Amino acid sequence: MTNALEITNLRKSYGDVQALDGVSLTVPEGSFFGLLGPNGAGKTTFISILVGLVRKSGGEALVFGHDVETDYRAARDAIGLAPQEFNVDRFFPIHEVLEHKAGYHGIPAAEARVRAADALKRVGIYDKRNTRFDWLSGGMKRRFMIARALVTEPELLILDEPSAGVDVQLRRDLWDLVTELNEQGTTILLTTHYIEEAERLCDEVAILDSGRVVAVASPEALKGRGADHITIHLHN
Ligand code: ATP
């Protein structure tokens, strides 16, 4: 079976800061994999290397068998990233934003329109297709960011801290949505600070602390092993 990610001894330093200090992990295709860790653990750096925003200092990262540096295009095309921060074109209706993104990825216009509509339907905001991003509610903005990641039909969806700053109801809705996407066949890599979120969603979790993987296990097993001192609890 193919693995979505095969990471071997991945390292990244920013000057004296060792953001990733020899990370090795495997994410099987079809899984819902959690990357847990406190602030500064290296989660964003890890994702940034996968999508080609940051160059690794050493080691190897394969996305569906494609090296993130020597086979960048194929690796990048396999990934849809829903980032933590929103940076969306605010002047166009959201369906056009998605069509532009599809076009940028070489998808012809007619197909791009279909992809945009499908992505908006999958996340449940198709009825808002003519609205601009700024006019969406907070929850809809999150959903839109997931639609934006889905428009290229990636095999691996990366969700970078989807629950950060989100209220309880919204969080539950997002959890239902991403569970459904995984059940439909998309492999998911989710980063979070929260053990409860990983427990609810993930088949397997890696705990990252100061740039190192300190445990890989099912979320239940991690709770039992006292991973709580590294991770943070949800308070509502
Ligand atoms: P958070 O949960 O707060 O987003 P994180 O787990 O994503 O944290 P990273 O953002 O990857 O952690 O940061 C890992 C380490 O690398 C931290 O010590 C951070 O200060 C450092 N770091 C990240 N980006 C840079 C940069 N561009 N220049 C220098 N140091 C950086």
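Read on for an overview of the structure. In this text, all values refer to a predicted model and were calculated from it rather than measured experimentally.

So, on to unusual backbone geometry. Here Phe64, not a glycine, exhibits a phi torsion of approximately 45 degrees, which is positive. Among the secondary structure elements, Phe64 is positioned in the loop between strand S4 (58-63) and strand S5 (66-67). We note that Glu153 has phi near 55 degrees; this positive angle belongs to a residue other than glycine. Here Glu153 lies in the loop between helix H5 (138-150) and strand S7 (156-160).

Okay, helix H6 (residues 168-183) next. Between its first and last C-alpha atoms H6 spans 23 Å; for 16 residues at 1.5 Å apiece the expected length is 22 Å, and the two agree. Within H6, burial applies to Arg171, Leu174, Trp175, Leu177, Val178, Leu181 and Asn182. Angular distribution of buried residues about the axis of H6 spans 170 degrees; they occupy a single face of the element. Next to the buried residues of H6 lie strand S3 (32-36), helix H4 (109-122), H5, S7, strand S8 (187-192) and helix H7 (195-201). Backbone geometry just after H6 places Gly185 at a positive phi near 115 degrees.

With respect to topology, four strands assemble into an open sheet ordered S2-S1-S4-S5, the strand pairing being antiparallel. Looking at the sheet topology across the chains shown, the edges are occupied by strand S2 (17-28) and S5. Sheet topology places strand S1 (residues 3-14) next to S4; five bridges connect them, and they run antiparallel. Across the sheet, Glu6 pairs through a bridge with Leu62, a residue of S4.

This brings us to the pattern of salt bridges. For side chains bearing opposite charge, pairing can occur when the charged atoms are close. Tallied over the entire structure, the rule returns nine salt bridges. One salt bridge in this structure joins Arg55 and Glu69, with 3.4 Å as the shortest N-O distance. A residue pair is termed long-range when its members are at least 10 positions apart, and Arg55 in the loop between helix H1 (43-50) and S4 and Glu69 in the loop between S5 and helix H2 (72-77) qualify at 14 residues. Given a relative accessible area of 60%, Arg55 falls into the exposed group. Ionic contacts of the salt-bridge type, sharing partners, join the residues Arg55, Lys56 and Glu69 into one network.

As a further point, take the pairing of S1. As defined by bridge partners, S1 adjoins S2 across nine bridges and the pair is classed as antiparallel. Its bridge partner being in S2, Lys12 is matched across the sheet by Leu20. Here S1 folds back onto S2, and the loop between the two strands holds two residues, one of which, Gly15, carries a positive phi near 60 degrees.

Once that is clear, we can look at the sheet that holds S8. The strand order across the open sheet formed by six strands is S6-S7-S8-S3-S9-S10, and the pairing between neighbours is mixed. Each of the sheet's edge strands pairs with one partner strand only, and the pair in question is strand S6 (79-82) and strand S10 (212-217). When the angles between neighbouring strand axes are averaged without regard to direction, this sheet yields 20 degrees. Here strand S9 (residues 204-209) pairs with S10 via five bridges, running antiparallel. Bridge pairing in S10 links Ile207 to Ala215. Its contacts with the sheet put H1 on S3, S6, S7, S8 and S9, and the angle it makes with S8 is roughly 145 degrees.

Reading the values: rules and limits
Residues numbered from 1 in each chain as written. Predicted model: local features only at pLDDT ≥ 70, side-chain atom pairs only at ≥ 80, totals over all residues. Heavy atoms only, no water. Helix = DSSP H or I, 4+ residues; strand = E, 2+ residues; numbered from the N terminus. Expected span 1.5 Å × (residues − 1). Buried < 20%, exposed > 50% of the residue type's maximum accessible area, 1.4 Å probe, protein only. Arc of directions from axis to C-beta. Contact = heavy atoms within 4.5 Å. Pairing = 2+ DSSP bridges. Salt bridge = Lys/Arg side-chain N within 4 Å of Asp/Glu carboxyl O. Axes fitted to C-alpha atoms, helices over the stretch in contact; angles between N-to-C directions.

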